[in-house]
Amino acid sequence: MSHPRTTSRVLSLVAGALALPLALSACSGDRAEIEAACADIQANISAVDMAVSSIEQDILVDGVSYQDQHADELVAHLDDVERLEAAARGDQRDVATERADAVDAILEELDNGDEAGLADALDWTAETHDMILQSCGF
């Protein structure tokens, strides 16, 4: 036996069809912005690693001032990670938040901190290195 389509059923199907893309985008975030931020993170991660290593060597090993270009590299990386954080949702946003906090901790320690705080911030950033790349699919 066939059931005639009622107006309310048709409207609920249409409403569901319209809501699905919104629900999916809310879960995944802005896919184009996420992909762009991830591409920038992946493209610049070697330079970031080198900057972190140089800061550690300069301050903690050699006891000399860090080079401004290394801090600038971290600021640019922080901008990329914050773009990802703003566009992403769920676990990916959580990873981006932790990475941003870790990189920001280095920058704060460079401005106002001490060697012990800097060492902790460098360790934290190292711990989030693979996490951020994995969250971007690398």
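What this report covers is the structure whose coordinates are included nearby. Nothing here was measured: the structure is a model prediction, and the numbers come from that model.

Calculation criteria
Residues numbered from 1 in each chain as written. Predicted model: local features only at pLDDT ≥ 70, side-chain atom pairs only at ≥ 80, totals over all residues. Heavy atoms only, no water. Disulfide = S-S within 2.5 Å. Helix = DSSP H or I, 4+ residues; strand = E, 2+ residues; numbered from the N terminus. Buried < 20%, exposed > 50% of the residue type's maximum accessible area, 1.4 Å probe, protein only. Salt bridge = Lys/Arg side-chain N within 4 Å of Asp/Glu carboxyl O.

Quick word on the state of the cysteines
Applying the stated criterion across every chain, the model contains 1 disulfide. Each disulfide pairs two cysteine sulfurs, and for Cys-38 the partner residue is Cys-136, the sulfurs being separated by 2.1 Å. Disulfide Cys-38 to Cys-136: torsion about the S-S bond roughly -70 degrees, handedness left-handed. Linking Cys-38 in helix 2 (residues 31-61) with Cys-136 in the segment after helix 5 (115-135), this pair joins segments that are 98 residues apart in sequence. Accessibility expressed as a relative area gives 14% for Cys-136, which makes it buried.

Let's talk about the pattern of salt bridges
Following the criterion strictly, the structure yields 3 salt bridges and no others. Asp-40 is the partner of Arg-83 in a salt bridge, and the nearest nitrogen-oxygen pair spans 2.9 Å. Placement of Arg-83 in helix 3 (residues 68-87) and of Asp-40 in helix 2 is noted, with a sequence separation of 43 residues between them. Note on Arg-83: relative accessible area 27%, which makes it partly exposed. The class for Asp-40 is partly exposed, based on a relative accessible area of 29%. Residue Arg-83 pairs with Asp-80 through a salt bridge whose shortest N-O separation is 3.1 Å. Taken together, the residues span about one helical turn, with Arg-83 and Asp-80 both in helix 3 at a distance of 3 residues. Since its relative accessible area comes to 10%, Asp-80 is described here as buried. Through salt bridges with shared partners, one network takes in Glu-33, Asp-40, Asp-80 and Arg-83.

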